[in-house]
Amino acid sequence: MLSDDLRDLYQQVILDHSRNPRNSGELPPPCLHAHGDNPSCGDEIDVWVRVGENGHIDDLKFTGQGCAISQASASMMTQKIKGKSKDEAAAVREDFRRVVMGDGAPANEDALGELILLEGVQKFPQRVKCAMLAWRALEQALEGK
Amino acid sequence: MDWPRIRSDFPILDQQVNGFPLVYLDNAASSQKPRAVIQTLSHYYERDNANVHRALHELSNRATEAFEAARKKAAHFIGAASEDEIIFTRGTTEGINLVANTWGTQNVRAGDVILVTGMEHHSNLIPWQMLAQRTGATLKYIPVLDDGTLDSDAIENLLTEQVKLFAFVHISNSLGTINPAKELIAKAKALGAVTLLDGAQSAGHMPIDVRDLGCDFFVFSGHKMCGPTGIGVLYGRMALLEAMPPWHGGGEMILSVTMEGSTYKAPPQRFEAGTPDIAGVIGLGAAIDYLQAIGLENIQRHDHNLANYAMQRMSEVPGIRILGPQSGHRGALVAFHLDFAHPHDLVEFANSHGVAMRGGHHCTQPLMKRFKVPGTTRASFYFYNTIEEINSLVEVLLLARKFFT
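Criteria and cut-off values
- Residues numbered from 1 in each chain as written.
- Chains lettered and ligands numbered in written order.
- Predicted model: local features only at pLDDT ≥ 70, side-chain atom pairs only at ≥ 80, totals over all residues.
- Pairing = 2+ DSSP bridges.
- Helix = DSSP H or I, 4+ residues; strand = E, 2+ residues; numbered from the N terminus.
- Axes fitted to C-alpha atoms, helices over the stretch in contact; angles between N-to-C directions.
- Contact = placed C-beta atoms within 7 Å.
- Nonpolar A, V, L, I, M, F, W, Y, C, P; charged D, E, K, R; others polar.
- Buried ≥ 20, exposed ≤ 12 C-beta atoms within 10 Å, placed from the backbone.
- Expected span 1.5 Å × (residues − 1).
- Arc of directions from axis to C-beta.

### What to know about the sheet that holds strand β1 (residues 32-38) of chain A
All names here are of chain A.
Now for step 1: Taking strand neighbours across the sheet as the criterion, the three strands line up as β1-β2-β3 in an open arrangement whose pairing is antiparallel. Only two strands of the sheet have a single neighbouring strand rather than two, namely β1 and β3 (57-65). Adjacent strand axes in the sheet meet at a mean angle of 15°, parallel and antiparallel pairs treated alike.
Now for step 2: In this sheet, β3 lies alongside strand β2 (residues 43-51) in antiparallel orientation, the contact comprising eight bridges. Within β3, the position partnered with D46 by the bridge is T63.

Take a look at the structure:
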């Protein structure tokens, strides 16, 4: 007898991404890199990003360890962000943040695609930082923040 | 022992969480409180509340009397020679910081060694790191073996005459290891070292006799042994306390004050500046009465049975790796890693079944690195837990395996 909230949090797609992360590994230099961690729980993510001459994200990869939510979010992020411009990536990130925090409607829900499955995190406020970990690292890599 | 009746002393345990009966297995983080302690707190606030030691009115007299009675209880609880050796603190962490900032600053010099172990809680590590940085002393660690015990060969090499202080944990909060405290203290003392024993996980779980143990300092927290949060005890041998400078300055700790300078009271008041947590102290006294009525030996035996049964049953879960001693000689906790779920996912899953556990690094990051795990899940027990609850835990672990694989 599982609660619906828990089933929503751990949907099959999410578990699949956490078990078989896409775009796992490092990119060789030259590329942008950032490390993110959640000191309170020990989750870690490293993100490598290569931005092409046209300003688009040609490739990105990640390595990390942590809970299913942080790893699945990272894996899904790499799939979604590849090929996007920096501005497009920032827009997706902001929409994703709204979805997992329950902080208003996303500006472009369709653009989120599969990421919308992480909506279940809303019900688990302590897990928001897990879902956002890779995205904070991406922001840091792209904008040096 | 009528354990079911004893369990019914804890009103909080009788509730449903997420549609399941609460199974509270996070006792190493904080224990629940019996009605006796809760009622003592409300009685104090409803009838006796006033500041201690200062006024001459009836309420202040009552508060002071109850406050000082709790100091006597705490002294008796750990076998101190005198209640003047009992300093009330906010908890274990503050007690250790007090020693580091008074005795430590006064006695530790460049070139000295501060010896700890690789299984210390951050609270018995960071204050010594800070002291070492301040003084130029060296911090050394006794390594932990694969079975979660201390490396006894390394102890022989590390315990030298350069060791000024040997501070170590009595029962590890992350492994459940019960360190041979008396033996280690005797070795350290023979070389002239001062010893501090971190009793956060042992006080309230087993009989403590500081004079038999031979330690110079012993620290513990009230909230892990049925008392209120925010209150703890630092025991120090009087000869050491008398020579120590104060830490916090303020009211209650002075003999006389002039604009040029002040003289300080004798211990324990020297170390208790400002209005203390009066209700907390009185509540701690009630917790000690409660535990002693059950009997610390009985609690220890029950703890031991629960931990043994849990070890046995949890070993049945495929993909489990239990950290710490594999024998039954361990504290009332089992920390483990599952190859199919991260601790936070497991804790979330267990919570949805009413089971409260803790997942993470348990404030022992160097130890997690040592065992090459990002963190563990910990089930920790107290005397009100039952065999049935451990069965529920195992059932939830098996369900989690189905869910996450």
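### Re unusual backbone geometry
Now for step 1: Between A:P29 and A:P30 the backbone carries a cis peptide bond, its omega angle lying at 0°.
Now for step 2: Here A:P30 lies in the loop between α2 (12-19) and β1.
Now for step 3: Cis geometry is adopted by the peptide bond preceding B:P268, which originates at B:P267 and carries an omega value of 5°.
Now for step 4: Take B:P268: it is sitting in the loop between β12 (262-264) and α10 (278-294).
Now for step 5: Backbone geometry places B:C226, a non-glycine residue, at a positive phi of 75°.

### Considerations on the interface of chain B and chain A
Now for step 1: Of the residues lining the interface, 12 residues belong to chain B; the matching set on chain A comes to 11 residues.
Now for step 2: Of all the elements, helix α12 (residues 343-351) of chain B adds the most residues to the side of chain B that touches chain A, at four residues.
Now for step 3: By residue class, the composition of the side of chain B that touches chain A is three nonpolar, seven polar and two charged.

### Examining the pairing of strand β11 (residues 254-257) of chain B
Residue and element names in this part refer to chain B.
Now for step 1: Sheet analysis places β11 next to β12, joined by three bridges and oriented antiparallel. From the neighbouring strand, S256 faces β12, where its bridge partner is T263.
Now for step 2: Connecting β11 to the antiparallel partner β12 that follows it, the hairpin turn spans four residues.

### Here's the deal with the sheet that holds strand β10 (residues 232-236) of chain B
Residue and element names in this part refer to chain B.
Now for step 1: Pairing is mixed in the open sheet, where seven strands are placed in the order β4-β10-β9-β8-β7-β5-β6. Each edge of the open sheet carries a strand with a single partner, namely β4 (86-89) and β6 (138-142). Taking the axes of each pair of neighbouring strands and ignoring which way they run, one obtains an average angle of 20° across the sheet.
Now for step 2: Bridge count for strand β5 (residues 113-117) against β6 is five bridges, and the pairing is parallel. Within β6, the position partnered with L115 by the bridge is K140.
Now for step 3: Those strands touched by helix α7 (residues 181-190) are β7 (163-169) and β8 (194-198), and its axis lies near 160° from that of β8.

### Quick look at the pairing of β10(B)
Residue and element names in this part refer to chain B.
Now for step 1: With five of five residues buried, β10 lies mostly within the body of the structure.
Now for step 2: On β10, burial covers both faces: G232, L234 and G236 on one face and V233 and Y235 on the other are all buried.
Now for step 3: Both β4 and β10 contribute to a ladder of four bridges, which runs antiparallel. The partner of I87 across the bridge, within β10, is L234.
Now for step 4: Relative to β10, strand β9 (residues 217-221) runs antiparallel, the two being bridged by five bridges.

### Focus on helix α2 (residues 35-48) of chain B
All names here are of chain B.
Now for step 1: Across its 14 residues, α2 extends 19 Å between first and last C-alpha, which sits within 8% of the 20 Å expected from 1.5 Å per residue.
Now for step 2: Looking only at α2, the buried set comprises V37, T40, Y44 and D48. An end-on view of α2 places all buried positions within 60° of arc, on one side of the element. Turned more than 90 degrees away from the buried face of α2 sit S42, Y45 and E46, all of them exposed.
Now for step 3: On the buried face of α2, the contacting elements are α3 (58-78) and α10.

That is the geometry; function is a separate question.
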